[in-house]
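A closer look at the structure
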Amino acid sequence: MSTISIKDIAAKAQVSTATVSYVINGTRNVSRKTRERVEQVIEEMNYKPNNAAQSLKRKRTNTIGVIAEDVTVFNVPEIIDGINDCADRLDMHILLTNLRLDKRIGRQFDQVDAYRKYAEDAVSELLGKQVDGMIYIGAHPRDLTGLFDTEGKPIVYTYCYTQNDVSIQYDDEQASFEAISYLTSKGHSRIAIISGAVDSMPSRLRLGGFYKAITAFELPYNPQWIKMGDWEAESGYRLAKELLETPEPPTAIVAMNDVMAVGVMRAAKELGIQIPEQLSIIGFDNREFSEYVSPSITTMDLPLHEMGYKAMEALSHILQGEKVETGEKPVCKLIERDSVAELAT
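In this text, all values refer to a predicted model and were calculated from it rather than measured experimentally.

Rules behind the numbers
Residues numbered from 1 in each chain as written. Predicted model: local features only at pLDDT ≥ 70, side-chain atom pairs only at ≥ 80, totals over all residues. Heavy atoms only, no water. Helix = DSSP H or I, 4+ residues; strand = E, 2+ residues; numbered from the N terminus. Expected span 1.5 Å × (residues − 1). Buried < 20%, exposed > 50% of the residue type's maximum accessible area, 1.4 Å probe, protein only. Contact = heavy atoms within 4.5 Å. 1 Å grid on protein atoms, 1.4 Å probe; cavity = no way out; pocket = protein on both sides within 12 Å on 5 of 7 lines; lining within 4 Å. Points joined across faces, edges and corners; volume = space filled by probe spheres on them. Nonpolar A, V, L, I, M, F, W, Y, C, P; charged D, E, K, R; others polar. Arc of directions from axis to C-beta. Core = buried A, V, L, I, M, F, W, Y, C linked by side-chain atoms within 4.5 Å. Polar contact = N/O pair within 3.5 Å; in protein donor to acceptor, adjacent residues only side chain to side chain. Pairing = 2+ DSSP bridges. Axes fitted to C-alpha atoms, helices over the stretch in contact; angles between N-to-C directions.

What follows deals with helix α10 (residues 233-244). In this model α10 runs 16 Å from its N-terminal to its C-terminal C-alpha over 12 residues, within 8% of the 16 Å that 1.5 Å per residue would give. Taken together, the buried positions of α10 are occupied by S235, G236, Y237, L239, A240, L243 and L244. Taken together, the buried residues of α10 touch β6 (191-195), β7 (226-228), β8 (252-255) and α11 (258-270).

Dropping the structure here:
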């Protein structure tokens, strides 16, 4: 029996152990140059895989590891439910790990080193339980390339992504475009937008949809109607006051989440502006409270359940050695409630 391990191969080929595993097992695409280098080192070191061990490794447990960054964040439970629905159909089981990042690091998602160990420990625990593959659910959409090594196990990301793996995302740009389109159908042209954090991917994409709609519907462009918030109600309140206390205020405001939309409503109330008669408001996310505030908030519903279902479906295809075509992104749906009115002419 060979005493050479894949760690030895990886060290000499100057690649990760996961890459060596991909080459040996053919579980993922590796660049031709890298594959040839690894194969050359395998030949030079006369590496002989332990077939019995490989057979055990390939034995399916029909168990999937699901890593959630924080199950208390609004998007995560519905995604998990979608994963569960698909897993039930496929007769597969789920092991759920909650990193609790919202409590541990707050919203400091750019501080990768602050939570890398939590993610690595979760992966290690799931590998020890012989899961067939993993799904990683982000609490905020962002690039997580290099966060951890799954040691050759397939992984699918949703509500976040990496440069190397399959990810399931919804269409933020389409959602923002549809929100503006709906307002124009109600006669609005003076439309303002309150963005989320400026360095956020959803903010950038939703602003892209906003600019696209301005062009498509030939709306007046006023840079003063574009405000940069931070996802919190206080920023919605403060920026709405800036928008509304002007000689020519907008007739409609799109807030990039329902939390900021509530801040907009508070500002309008303080200024004696009636919603929706004098100001229309659209939010995002379809948070549970958006249906119960007064007036109830017209909002964009995120396809979270569908994202979870598609993530599980994609992982199943990978496990069967099939090529995954993610196709069109799941789309958001406008939920019409009471915070938008047709503009009187």
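This is not the end of the story, as more comes after the structure.
So, about the layout of surface pockets. Leftover empty space is mapped by rolling, across the atoms, a probe with the size of a water molecule. Each pocket or cavity is described by its volume, and for the second largest pocket that value is around 750 Å³. Taken together, 33 residues line the second largest pocket, and the ones lying closest to its centre are R107, F109, A139, H140 and W231. Per-element tally for the lining of the second largest pocket: the top contributor is helix α9 (residues 201-216), with four residues. For the lining of the second largest pocket, the class distribution of residues is 17 nonpolar, four polar and 12 charged.

Once that is clear, we can look at helix α3 (residues 32-44). For the α-helix, the turn length of 3.6 residues means that residues three or four positions removed from each other point alike. Given a rise of 1.5 Å per residue, 13 residues ought to cover 18 Å, and the 18 Å separating the end C-alpha atoms of α3 matches this to within 8%. Turning to α3, its buried residues number three or more, namely T34, V38, V41 and I42. Down the axis of α3, the buried set is contained in an arc of 105 degrees. They therefore lie on one face. Pointing more than 90 degrees away from the buried face of α3 are the exposed residues R32, K33 and E43. The positive-phi residue at the C-terminal boundary of α3 is N46, with phi of around 55 degrees.

For the rest of this paragraph, the subject is the nonpolar core. One broad rule of soluble globular proteins: the nonpolar side chains tend to lie buried together. Counting 91 residues, the largest nonpolar core has I135 and Y136 as the members making the most contacts within it. Core analysis: the next-biggest nonpolar cluster, separate from the first, contains 13 residues, I9, A18, V20 and V23 among them.

In this fold, T298 is placed in strand β10 (residues 298-301). On the basis of relative accessible area, T298 is assigned to the buried category, the value being 0%. A polar side-chain atom of T298 sits 2.9 Å from the main-chain amide nitrogen of R337.

Attention shifts here to the sheet that holds β6. Here we have six strands laid out as an open sheet, ordered β7-β6-β8-β9-β10-β11, and mixed in their pairing. Of all strands in the sheet, those bounded by a partner on one side alone are β7 and β11 (333-335). Pairs of neighbouring strands in the sheet enclose a mean axial angle of 20 degrees, with direction left out of account. Sitting on the sheet, α9 touches β6, β7 and β9 (280-284), and the angle it makes with β6 is about 170 degrees.

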